[in-house]
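Examining the three-dimensional arrangement
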Amino acid sequence: MVEDVELNRLFWHSRRGMLELDVLLVPFVKDVYPHLNQVDRDLYVRLLTCEDQDMFGWFMQRAESEDPELQRMVRMILDRVQPK
C-alpha cells in the first residue's frame, strides 16, 4: 500500500501548472498509481523528472520519448483517457 505522504508528494509533483498535463497526471496519480507495481511506480516518478515541454509533446502525441520505458508510461496514462 502506498503511504499517504508519498501520494501527497506525488500529487503535488504531478501538478505541473500546464492544464493539459495536470488533467492527465493528477487523476492518474490519485486513481492508478496506488495500484501499480514498484517498477511502474519508479517509472512514473522518473517521468515526473522530465521537462514539461517534452511531456506535453508526448501526451499530445506530437513526439515520442526516446526511452521506450518512459513511452510505455505515457501510453499507460493516455490509455486511461482515450477510448480504444
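Look above for the structure.
What you are looking at is a predicted structure, and each value in this text was computed from that prediction instead of being measured.

Some words on the side chain of Gln71
The topology assignment puts Gln71 in helix α5 (residues 68-81). For Gln71, a relative accessible area of 14% gives the class buried. In this structure Gln71 touches Trp58, Glu64 and Ser65, once residues within four positions along its chain are discounted.

Some remarks on the environment of Leu10
Mapped onto the fold, Leu10 is located in helix α1 (residues 4-14). In the structure, Leu10 is positioned 20 residues away from Lys30 in sequence and 9.0 Å away in space, judged by C-alpha atoms. Setting aside chain neighbours within four positions, we find Leu10 in contact with Val29, Tyr33, Val45 and Leu48.

Topic: the packing of helix α2 (residues 19-31) against α5
Axis separation between α2 and α5 bottoms out at 10 Å; the angle between their running directions is 90°. What the angle tells us is that α2 and α5 run roughly perpendicular. Contacts from Leu24, Leu25, Pro27, Phe28 and Asp31 of α2 reach α5 at Met73, Met76, Ile77, Leu78, Arg80 and Val81.

Structural notes on the side chain of Ser14
Topologically, Ser14 is positioned in helix α1. Among residues more than four places away in sequence, those in contact with Ser14 are Asp22, Leu25, Val26, Val29, Tyr44 and Leu48.

Parameters and conventions
- Residues numbered from 1 in each chain as written.
- Predicted model: local features only at pLDDT ≥ 70, side-chain atom pairs only at ≥ 80, totals over all residues.
- Heavy atoms only, no water.
- Helix = DSSP H or I, 4+ residues; strand = E, 2+ residues; numbered from the N terminus.
- Buried < 20%, exposed > 50% of the residue type's maximum accessible area, 1.4 Å probe, protein only.
- Contact = heavy atoms within 4.5 Å.
- Axes fitted to C-alpha atoms, helices over the stretch in contact; angles between N-to-C directions.
- Parallel < 35°, antiparallel > 145°, perpendicular 65-115°, else oblique.

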